[in-house]
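Chain and residue survey
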Amino acid sequence: MSGNSNLKFFYAGIAIALLLSVLAPFLASPDPDGLESAAGGIIEESKMSQLEEMEPAVSSPMPDYSIEGMGKSGEVMAIAIGTIAVLAISFGFGKVFNRKA
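Residues numbered from 1 in each chain as written. Predicted model: local features only at pLDDT ≥ 70, side-chain atom pairs only at ≥ 80, totals over all residues. Heavy atoms only, no water.

**Some words on the overall build of the protein chain**
- Looking only at helices and strands, one finds four helices and zero strands in the protein chain.
- Secondary structure elements of the protein chain, listed N to C terminal, follow the sequence α-α-α-α.
- Taking 2.2 N^0.38 as the reference for a compact globule, 101 residues should give roughly 13 Å; the C-alpha atoms of the protein chain span a radius of gyration of 19 Å, well beyond that estimate.
- Its C-alpha atoms give the protein chain principal-axis dimensions of about 60 × 30 × 25 Å.
- Here the protein chain, with 101 residues, has 10% of them falling under the buried criterion.
- Contacts spanning at least 24 positions in sequence make up 51% of the contacts within the protein chain whose residues lie at least 6 apart.
- Taken together, the 6 basic and 11 acidic charged side chains of the protein chain have centroids lying 28 Å from each other. (Helix = DSSP H or I, 4+ residues; strand = E, 2+ residues; numbered from the N terminus. Rg over C-alpha atoms; globule rule 2.2 N^0.38 Å. Buried < 20%, exposed > 50% of the residue type's maximum accessible area, 1.4 Å probe, protein only. Contact = heavy atoms within 4.5 Å. Lys, Arg positive; Asp, Glu negative; His and termini not counted. Charge placed at Lys NZ, Arg CZ, Asp CG, Glu CD.)

If you want it as structure tokens, here you go:
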């Protein structure tokens, strides 16, 4: 692949990732995910509610993939910010660990 087509592929990937991040809150199921439903089958209901009420060891800047008080737009913003952050970190690692001189 040439450098120009690599760049087009890179930009297309970013566009697709951001499109998915915008659509995710509207397409996601409100049902518990696999980990929560598996835990629900193993852990008693009373212990499960105690676990849910516990404070986390480290607080999240955007808990539950949302920005508090913004509704669906807060979910879209949180997921888009997370997507951009992961892309930027990945790009940075790629630059640091690039084996070309």
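**Considering the pattern of salt bridges**
- Under the criterion given, the structure shown has one salt bridge.
- Across the pair Lys 72 and Glu 75 runs a salt bridge whose closest N-O atoms are separated by 3.7 Å. Taken together, the positions of Lys 72 and Glu 75, both in helix α4 (residues 71–96) and three residues apart, correspond to about one turn of that helix. (Salt bridge = Lys/Arg side-chain N within 4 Å of Asp/Glu carboxyl O.)

**Re a negative patch on the surface**
- On the surface, Asp 33, Glu 36, Glu 45, Glu 52, Glu 53 and Asp 64 cluster together into a patch of negative charge.
- Of all the elements, helix α3 (residues 45–53) adds the most residues to the negative patch, at three residues.
- Mapping Glu 53 onto the fold places it in helix α3. (Patch = residues over 30% accessible without salt bridge, like charges linked within 9 Å, V, L, I, M, F, W, Y side chains within 5 Å. Areas by Shrake-Rupley, 256 points an atom, 1.4 Å probe, with all protein chains shown as cover.)

**Examining the side chain of Thr 83**
- Inspection of the secondary structure puts Thr 83 in helix α4.
- When residues no more than four places from it in sequence are discounted, the contact partners of Thr 83 are Ala 17, Leu 18 and Ser 21.

**Side note on the packing of helix α1 (residues 3–27) against α4**
- Interaxial distance between α1 and α4 falls to 8 Å at its minimum, and their mutual angle equals 150°. Our classification of the angle between α1 and α4 gives roughly antiparallel. For α1 against α4, the interelement crossing comes out right-handed. Here α1 contributes Phe 10, Ile 14, Ala 17, Leu 18, Ser 21, Val 22, Ala 24, Pro 25 and Phe 26 to the contact with α4, which in turn contributes Lys 72, Glu 75, Val 76, Ile 79, Ala 80, Thr 83, Ile 84, Leu 87 and Phe 91.
- For the contact of α1 with α4, the residue count by class is 14 nonpolar, two polar and two charged. (Axes fitted to C-alpha atoms, helices over the stretch in contact; angles between N-to-C directions. Parallel < 35°, antiparallel > 145°, perpendicular 65-115°, else oblique. Left-handed = near helix turned anticlockwise from the far one by under 90°. Nonpolar A, V, L, I, M, F, W, Y, C, P; charged D, E, K, R; others polar.)

**Some points on the environment of Leu 35**
- As for its placement among the helices and strands, Leu 35 is situated in helix α2 (residues 34–42).
- A C-alpha to C-alpha distance of 20 Å links Leu 35 and Ile 79, two positions 44 residues apart in sequence.

**Concerning the packing of aromatic side chains**
- Inspection of the entire model under this criterion finds three aromatic pairs.
- Look at Phe 93 and Phe 97: their rings are 5.9 Å apart centre to centre, the planes differ by 25°, and that puts the pair in the stacked class.
- The structure contains a cluster of three or more aromatic residues connected by ring pairs, namely Phe 10, Tyr 11 and Phe 91. (Phe/Tyr/Trp six-rings, centres within 6.5 Å; stacked < 30°, edge-to-face > 60°.)

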